[in-house]
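Chain residues, written in single-letter form:
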Amino acid sequence: MGNIDTTLKEAIANIGPAFVATSDKGGLPNVSAKGSFRVLDEENVVFADIRSPQTIANLKENPQVSAIGLNAATRKGWRIWGKATVLSTGDLFDQFNRAYQSKGGVKHVVKIKVEKAVVV
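Let me sum up the structure you'll find in this document. (Residues numbered from 1 in each chain as written. Predicted model: local features only at pLDDT ≥ 70, side-chain atom pairs only at ≥ 80, totals over all residues. Heavy atoms only, no water.)

1. Examining the layout of surface pockets
- Considering only enclosed or pocket space, the largest pocket measures out at about 160 Å³ in volume.
- Around the largest pocket, the lining residues are Ala33, Lys34, Gly35, Ser36, Ala48, Asp49, Ile50, Arg51, Ser52, Tyr100 and Lys103.
- Elements represented by at least two residues in the lining of the largest pocket include exactly strand 2 (29-34) and strand 4 (44-49). (1 Å grid on protein atoms, 1.4 Å probe; cavity = no way out; pocket = protein on both sides within 12 Å on 5 of 7 lines; lining within 4 Å. Points joined across faces, edges and corners; volume = space filled by probe spheres on them. Helix = DSSP H or I, 4+ residues; strand = E, 2+ residues; numbered from the N terminus.)

Structure representation (structure tokens):
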């Protein structure tokens, strides 16, 4: 069984966008909002790269990532930590590319294997 339980699935589906934090190999951080963030399965979450060159560059140097979703009005949210894989081919990439065709398609899909998660 993975690190993504029903509570986290519901939180990710209902609280967004996600804010994804990455850093380059030297530790310089970057944060980027992701409206496409969603649960893939019990171990992985995914998001589309439409216009995030720094996020992708950082992940290629350092795959460690954290993401957070927060509803400021209710003070409810979620946070995950994990290791990312950047995809530019394959079924998952093709699915996202079709779904975001009206925005010019996607450049990459990022799959994150969730190592730790918290829902508050």
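2. Some remarks on the pattern of salt bridges
- What the rule picks out here adds up to one salt bridge.
- With a shortest N-O distance of 3.1 Å, Glu43 and Lys113 are connected by a salt bridge. Taken together, the positions of Glu43 in the loop between strand 3 (38-39) and strand 4 and Lys113 in strand 7 (residues 108-119) put the pair 70 residues apart, joining distant regions of the chain.
- On the basis of relative accessibility, which here comes to 41%, the residue Lys113 falls in the partly exposed class. (Salt bridge = Lys/Arg side-chain N within 4 Å of Asp/Glu carboxyl O. Buried < 20%, exposed > 50% of the residue type's maximum accessible area, 1.4 Å probe, protein only.)

3. With respect to the sheet that holds strand 1 (residues 18-23)
- An order of 2-1-5-6-7-4-3 is seen for the seven strands of this open sheet, with the pairing classed as antiparallel. Both outer strands of the open sheet, strand 2 and strand 3, are each paired with one neighbouring strand and no more. (Pairing = 2+ DSSP bridges.)

4. Section: the environment of Leu40
- Structurally, Leu40 is set in the loop between strand 3 and strand 4.
- Linking Leu40 and Lys113, residues 73 residues apart in sequence, is a C-alpha distance of 9.8 Å.
- Apart from the residues within four sequence positions on either side, Leu40 is in contact with Val45, Val46, Leu92 and Lys111. (Contact = heavy atoms within 4.5 Å.)

Geometry only, nothing functional implied.
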